[in-house]
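Per-entry structural report
Listed below, chain by chain, are the residues.
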Amino acid sequence: MSRSVVDKISELRARRKAVVLAHNYQPPEVQDLADFCGDSLGLSVQASRTQAEVIVFCGVRFMAETAAILCPDKVVLLPDPEAGCPMADMITAAQLRQLKAQHPGAIVVCYVNSTAEVKAESDTCCTSANAVDLVRSLPKDRQIVFVPDQNLGQYTAEQTGRDLVLWPGYCRSHVLITEDDIRAAKARYPDAVVMVHPECTEAVRGLADQVLSTGQMLRFVRQSKAKRFIVGTEIGILHALNKENPDAQYIPASDRAVCPNMKRITLDKVLWALEDMQVQVTIPKDIAAQARKSLQRMTEVVPSYAKG
Ligand code: SF4
């Protein structure tokens, strides 16, 4: 890691009154530089509470958009404007309007991995950390439409016993983790606890001991007596796990579970973002106002580890 880039970022961060937020899937050097690392829910809560004037969001576009919606008076910078989320782009607002027309009266829950326009069309947002609690809190006599991740939706339906209308979206990085990967890792490390993310396929979740968001994985390991974990999510989380609990061993379920969009953020790009105050993420006021209502409910259903 270049010390001079880190020093320049620190100096500019103070001068700009900026806070750097980084997702758990970010490259290690970006996580190390951040003021706060976390999952989508933890980062949304941090963004909504910060006193900083500028938020540098080291993650993908929908995360920076979420921060911009929750903090309309702050400047939100995304260090690489090409860092998108293929899953978020798997449903458009027009497609969601069509789906709503097919299910009149249904409550629409959208995973935070969605565009601002889709959030604005939804009744409430959720993250992988609180989807189950959030759906449990909804009236039992109402149909629920869940977009865009069919795997998180399926998992939420299993856990709540609710019959959700799903959209066929998925995460390209998480579906690369296969049943064979988990079986091979278990055969090699029979004593290891298998933790997988709910964006993994049903077959992979079925082989796991725990299905957890990244924030929940960190908390679970902190409280567990086990010393070896097979980790079924994007490999960036291994850095956070090793940093927090270096005494345990972490085995990635698959080396292919890499999100190329998350890895677009580099220290140089963080520095350029602070130097040029670019690229600013803004959301049209009417869409932001509608999307904010959906996000408010999401940040209310906060598990204790994310309260910060
Ligand atoms: S890991 Fe998957 S869901 Fe997360 S940003 Fe990357 S593509 Fe999107």
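Now for a description of the structure that goes with this document.

The rules behind these values
- Residues numbered from 1 in each chain as written.
- Predicted model: local features only at pLDDT ≥ 70, side-chain atom pairs only at ≥ 80, totals over all residues.
- Heavy atoms only, no water.
- Phe/Tyr/Trp six-rings, centres within 6.5 Å; stacked < 30°, edge-to-face > 60°.
- Helix = DSSP H or I, 4+ residues; strand = E, 2+ residues; numbered from the N terminus.
- Pairing = 2+ DSSP bridges.
- Axes fitted to C-alpha atoms, helices over the stretch in contact; angles between N-to-C directions.
- Near = heavy atom within 4 Å.
- Nonpolar A, V, L, I, M, F, W, Y, C, P; charged D, E, K, R; others polar.
- Buried < 20%, exposed > 50% of the residue type's maximum accessible area, 1.4 Å probe, protein only.
- Contact = heavy atoms within 4.5 Å.
- Core = buried A, V, L, I, M, F, W, Y, C linked by side-chain atoms within 4.5 Å.
- Salt bridge = Lys/Arg side-chain N within 4 Å of Asp/Glu carboxyl O.
- Parallel < 35°, antiparallel > 145°, perpendicular 65-115°, else oblique.
- Left-handed = near helix turned anticlockwise from the far one by under 90°.

**Examining the packing of aromatic side chains**
Per the stated rule, a full pass over the model turns up 2 aromatic pairs. Summarising the aromatic geometry, the rings of Phe229 and Tyr250 are spaced 5.9 Å apart at their centres and angled 20° between planes, so their arrangement reads as stacked. You can see Phe229 sitting in strand β11 (residues 228–232) and its partner Tyr250 sitting in strand β12 (residues 249–252), a full 21 residues away along the chain. Connected via pairs of aromatic rings, a cluster forms that spans Phe220, Phe229 and Tyr250.

**Quick word on the sheet that holds strand β6 (residues 124–126)**
One open sheet holds the 4 strands; their spatial order is β6-β5-β7-β8, and the pairing between them is parallel. Looking at the sheet topology across the chains shown, the edges are occupied by β6 and β8 (164–166). The average angle at which neighbouring strand axes cross in this sheet is 30°, direction not considered. Sheet analysis places strand β5 (residues 107–111) next to β6, joined by 3 bridges and oriented parallel. Along β6, the bridge assignment pairs Cys110 with Cys125.

**Focus: the site of the ligand**
Every residue near the ligand is listed here: Tyr25, Val60, Cys85, Pro86, Asn113, Cys171, Glu199, Cys259 and Met262. Residues of the shell around the ligand, tallied by class, amount to 7 nonpolar, 1 polar and 1 charged.

**A look at the pairing of strand β3 (residues 54–58)**
In terms of burial, β3 is a largely internal element, 5 of the 5 residues being buried. What you see with β3 is no split at all: Val54, Val56 and Cys58 on one side and Ile55 and Phe57 on the other are buried throughout. In the sheet, strand β1 (residues 18–23) pairs with β3 via 5 bridges, with the strands oriented parallel. Bridge pairing in β3 places Ala18 opposite Val54. Sheet analysis places β3 next to strand β4 (residues 75–77), joined by 3 bridges and oriented parallel. Bridge assignment links Ile55 to a residue of β4, and that residue is Val76.

**What to know about the sheet that holds strand β10 (residues 210–211)**
Adjacent strands of a sheet form backbone hydrogen bonds with each other and so pair up, either parallel or antiparallel. With parallel pairing, the 4 strands of this open sheet are ordered in space as β10-β9-β11-β12. Each edge of the open sheet carries a strand with a single partner, namely β10 and β12. Judged from the 4 bridges that link them, β11 and β12 form a sheet pairing that is parallel. Of the residues in β12, the one forming a bridge with Phe229 is Tyr250. In the packing of helix α11 (residues 214–223) onto the sheet, the strands contacted are β9 (193–196), β10, β11 and β12, and the crossing angle to β9 comes to about 160°.

**Brief notes about the nonpolar core**
Counting 86 residues, the largest nonpolar core has Ile9, Ile55, Val56, Phe57, Cys58, Val109 and Val147 as its most contacted members. Tallying contributions element by element places helix α4 (residues 61–70) first for this core, with 7 residues. Not counting chain neighbours up to four residues away, the residues in contact with Phe57 comprise Leu21, Leu43, Met63, Ala64, Ala67, Leu77, Leu78 and Pro79. Judged by nonpolar contacts, the second largest core, of 18 residues, contains Val132, Ala185, Ala208 and Ala257.

**Let's talk about the pattern of salt bridges**
All chains considered together, the criterion is met by 14 salt bridges. Between Asp35 and Arg13 there is a salt bridge, with the nearest N and O atoms lying 3.2 Å from each other. Placement of Asp35 in the loop between α2 (28–33) and β2 (36–38) and of Arg13 in helix α1 (residues 3–15) is noted, with a sequence separation of 22 residues between them. For Asp191, the salt bridge goes to Arg228, with nearest N and O atoms at 3.1 Å. Of this pair, Asp191 sits in the loop between α9 (179–188) and β9 while Arg228 is found in strand β11, placing the two residues 37 residues apart along the sequence. Look at Arg228 and you get partly exposed, because its relative accessible area is 26%.

**A word on the packing of α11 against helix α12 (residues 237–244)**
In the contact formed by α11 and α12, the axes pass within 10 Å of each other and the chain directions differ by 25°. Between α11 and α12, the angle falls in the class roughly parallel. The crossing of α11 and α12 is right-handed. Here Thr214, Met217, Leu218, Val221 and Arg222 of α11 lie close against α12, whose contacting residues are Ile237, Ala240, Leu241 and Glu244.

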